[in-house]
Amino acid sequence: MRGPMTSRTGPAANTRARRGAAQTPLPGAAGAAGTPGTAPGAPHTGGMGLVTADVSVVAGSGGGGLESLENFRDLAWALPGMRRGRVLRSAKPVQLSEDDARTLTETMRIRDILDLRNPKELSEDPPGSVLSADLRTVPYLRSWTGQIATAPLVRGSTKKNVVRHNVSFISKLRYYSGMLWHLPLLSTLYAALVVTFNRDAARECMVKEVNAGGLVLMYKTILDISRPEMAAALRIIVACLEAGRPVLINCSIGKDRTGILSALVLSVAGASDEQIIGDYHRSDNMAKVSIAGLEHRRELRGIDLTMFERAPKHAIAGALAYIRRRYGSVSGYLCATGFSHAEQARLRALLIDVRPERI
């Protein structure tokens, strides 16, 4: 993209989006390499000019296959008819082996990584990882007006081949303030009254409610506070696919933030709740916790980490139910983020393998 990428809610934003936000190339993103082929592991054209790879050759339809990349899979494994090798998901790809990094960038033709972590999380990545040598980061930042724009300065060399589009779904202040709207009013008032003379009592009251809410509370909060970021992330996916490049989505462990965005993408593609829940539940072996690093902060001391581990089916089912209860439908939620009906239709067309019927 040559200018800032913006995301606003409302009719004006939708009008701008329909005029071609999805057609605008992303900043400094490299084109897909290779030529179409049919040999195992070779890139092939999946329709509409997209050069991609048959991920099933590398990873198998059951998942896994990249030993140093946790929680990796193709979203198309959840939805028959969805083009394979277009939108992939994983945990943070920061400790890849040389072989897996080569597989990801050469066999799978990954040139764009959509990283949903915040800048502090990125700064804690181990130095000298194999992929980082070929990686440059493009931050997408929210302004005080609610717009999402690329930062004016891009870290890294323009000669690097892999672009990491960094769209942070969670910041501390937004997350805490957004979560308060979902907590019982009496608990919030009690904590506000006692915090000045008994911080521990206030914290214990709030932590109790956070534990009770678990992953569903976390997902509802992310959905509400990250609407501009959701639209920006979806527009990055559209722009990558229109430019002929597959995209890998990740957060820290590839379960929560990645799970929410993946659920939205699958819904746009036409997946049923059962299929969305099935894809999410494939992360159930991830007995790890990541709330963008907030789980380690003093104000959340006493949080029951077991309530945020794994990927129980009720968690994403609760998020989908919340979307329909508050926004009417997934499409209604996406429109509230600023991702218009026209943009949703374009994303669906890029994802679904529409074959002519035989007569």
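Structure's up top.
Now for a description of the structure that goes with this document. Note that residues are indexed from 1 along each chain, following the sequence as it is written. Per-residue local features are limited, in this predicted model, to residues with pLDDT of at least 70; the limit for side-chain atom pairs, both in listing and counting, is 80 or more; totals at the level of whole chains, interfaces and linings are taken over all residues. Only hydrogens and water are removed before side-chain values are computed, so all heavy atoms of the structure are retained for them.

A few points about the side chain of Ser90
Then step 1. Strands here mean DSSP runs of E at least two residues long; helices mean DSSP runs of H or I at least four residues long; both are numbered from the N terminus. Relative to the elements of secondary structure, Ser90 occurs in strand E4 (residues 87–90).
Then step 2. We call two residues in contact whenever any of their non-hydrogen atoms come within 4.5 Å of each other. Ser90 has contacts with Leu69, Glu70, Asn71, Phe72, Leu248, Ile249, Asn250, Cys251, Gly254 and Thr258, leaving out every residue within four places of it along the chain.

Structural notes on the environment of Leu223
Then step 1. Looking at the secondary structure, you find Leu223 in helix H7 (residues 199–225).
Then step 2. For the exposure calls, accessible area comes from a 1.4 Å probe over protein chains only, and a residue counts as buried if that area is under 20% of its type's maximum, exposed if over 50%, partly exposed in between. On the basis of relative accessible area, Leu223 is assigned to the buried category, the value being 0%.
Then step 3. Here the alpha-carbon distance between Leu223 and Ile323, two residues 100 residues apart in the chain, equals 8.2 Å.

Points about the sheet that holds strand E5 (residues 112–115)
Then step 1. By the convention used here, strands pair only if DSSP detects at least 2 bridges between them. The mixed open sheet is built from 7 strands, whose spatial order is E3-E4-E9-E5-E8-E6-E7. Because the sheet does not close on itself, it has two edges, and the strands there are strand E3 (73–74) and strand E7 (148–150).

What to know about unusual backbone geometry
Leaving glycine aside, a negative phi is the common case for residues, and trans is the common case for peptide bonds.
Then step 1. The backbone phi angle of Asn71 is positive, close to 60 degrees, even though this residue is not glycine.
Then step 2. Residue classification places Asn71 among the buried residues on the basis of a relative accessible area of 10%.
Then step 3. Of note in this structure, Arg109 is not a glycine but carries a positive phi near 60 degrees.
Then step 4. Within the fold, Arg109 resides in the loop between helix H3 (98–107) and E5.
Then step 5. For Arg109, a relative accessible area of 14% corresponds to the buried category.

Notes on the nonpolar core
Then step 1. Residue types Ala, Val, Leu, Ile, Met, Phe, Trp, Tyr and Cys, when buried and joined through side-chain atoms within 4.5 Å, form a set referred to as a nonpolar core. In this structure, Leu114, Ile237 and Leu261 are the most contacted members of the largest nonpolar core, which totals 76 residues.
Then step 2. With 11 residues, H7 is the single largest residue contributor to this core.
Then step 3. Ile237 has contacts with Val87, Leu114, Val247, Ile249, Leu261, Val265 and Leu347, leaving out every residue within four places of it along the chain.
Then step 4. Counting residues in each nonpolar core, the second largest holds 14 residues, with Leu69, Phe72, Ala101 and Leu248 among its members.

Observations concerning helix H8 (residues 227–242)
Then step 1. The span one expects for a helix is its residue count, reduced by one, times 1.5 Å. Compared with an ideal rise of 1.5 Å per residue, which puts 16 residues at 22 Å, H8 spans 23 Å between its outermost C-alpha atoms and is within 8% of the ideal.
Then step 2. In terms of burial, H8 is largely enclosed, as 14 of its 16 residues are buried.
Then step 3. Following H8 by one or two positions, Gly244 has its phi on the positive side, about 85 degrees.

Thoughts on the packing of helix H9 (residues 257–269) against helix H12 (residues 330–337)
Then step 1. Contact pair H9 / H12: the axes reach a minimum separation of 10 Å and the direction vectors enclose 115 degrees. The crossing of H9 and H12 is left-handed. Between H9 and H12, the residues in contact are Leu264, Ser267 and Val268 and Val330, Tyr333 and Leu334, respectively.
Then step 2. In the scheme used here, Gly and all other residues not listed as nonpolar or charged are polar, with Ala, Val, Leu, Ile, Met, Phe, Trp, Tyr, Cys and Pro taken as nonpolar and Asp, Glu, Lys and Arg as charged. For the contact of H9 with H12, a count of residues per class yields 5 nonpolar, 1 polar and no charged. Throughout, an axis means a line fitted to C-alpha atoms (over the contacting stretch in the case of helices), and angles, computed between N-to-C directions, take values from 0 to 180 degrees. A crossing counts as left-handed when the near helix is turned anticlockwise from the far one by less than a right angle, and as right-handed when that turn is clockwise.

Some words on the side chain of Asp256
Then step 1. In this structure, Asp256 sits in the loop between strand E9 (247–250) and H9.
Then step 2. Identification of polar contacts relies on pairs of N or O atoms within 3.5 Å, with a donor-acceptor requirement for protein atoms, meaning one able to donate a hydrogen and the other able to accept it, and with residues adjacent in sequence counted only if both atoms are side-chain atoms. Among the polar contacts listed, one links the side chain of Asp256 to the side chain of Lys255, at a separation of 2.7 Å.
Then step 3. In this structure, Asp256 is in contact with Leu215, Met218, Tyr219, Cys251, Tyr280 and Ser290, ignoring residues within four places of it in sequence.

Description of the pattern of salt bridges
Then step 1. Criterion for a salt bridge: a side-chain nitrogen of Lys or Arg within 4 Å of a carboxyl oxygen of Asp or Glu. Here the structure, examined in full by the defined rule, presents 19 salt bridges.
Then step 2. Close ionic contact of Arg235 with Glu343 constitutes a salt bridge, the shortest N to O distance being 2.6 Å. Residue Arg235 is located in helix H8, and its partner Glu343 is located in helix H13 (residues 341–351); the two are separated by 108 residues in the primary sequence. By the burial criterion, Arg235 is buried, and Glu343 matches it.
Then step 3. Put simply, Asp115, Arg117, Asp125 and Arg164 are held in one network by salt bridges that share partners.

Structural notes on empty space enclosed by the protein
Then step 1. Of the grid points, spaced at 1 Å and generated over the protein atoms alone, those admitting a 1.4 Å probe that cannot get out make up cavities, while open sets with protein on both sides within 12 Å along at least five of seven lines make up pockets; any residue with an atom within 4 Å of a point is treated as lining. Grid points are joined across faces, edges and corners, and a volume is the space filled by probe spheres set on the points. The tally for this structure, following the rule as stated, stands at 1 cavity of 30 Å³ or more.
Then step 2. In this structure, the largest cavity occupies an estimated 40 Å³ of space.
Then step 3. Lining the largest cavity, in full, are Leu223, Ile260, Ala263, Leu264, Ile316, Ala319, Leu320 and Ile323.
Then step 4. When residues of the lining of the largest cavity are traced back to their parent elements, those giving at least two are H9 and helix H11 (313–327).
Then step 5. Tallying contributions element by element places H11 first for the lining of the largest cavity, with 4 residues.

Points about the pairing of E9
Then step 1. Residues Val247 and Ile249 point to one face of E9 and Leu248 and Asn250 to the other, with burial holding for every one of them.
Then step 2. With 4 bridges joining them, E4 and E9 adopt parallel strand pairing. Its bridge partner lying in E9, Arg89 is registered against Ile249.
Then step 3. Across 4 bridges, E5 lies against E9 in parallel orientation. Within E9, the residue paired with Ile113 across the bridge is Leu248.

Some words on the packing of aromatic side chains
For any two aromatic rings, the description comes down to two numbers: the centre-to-centre distance and the angle of the planes.
Then step 1. Pairing of aromatic side chains here covers Phe, Tyr and the six-membered ring of Trp, requires ring centres within 6.5 Å, and sorts the geometry by plane angle: under 30 degrees stacked, over 60 edge-to-face, intermediate tilted. Counted by the stated rule, this structure contains 4 aromatic pairs.
Then step 2. Between Tyr327 and Tyr333 the ring centres are 5.0 Å apart and the planes differ by 75 degrees, which places this aromatic pair in the edge-to-face class.
Then step 3. One aromatic cluster is present, built from ring pairs that chain together Tyr322, Tyr327 and Tyr333.

Notes on H3
Then step 1. For H3, the full list of buried residues reads Asp100, Ala101, Thr103, Leu104 and Thr105.
Then step 2. Remark: Arg109 follows H3 within two positions and exhibits a positive phi of approximately 60 degrees.

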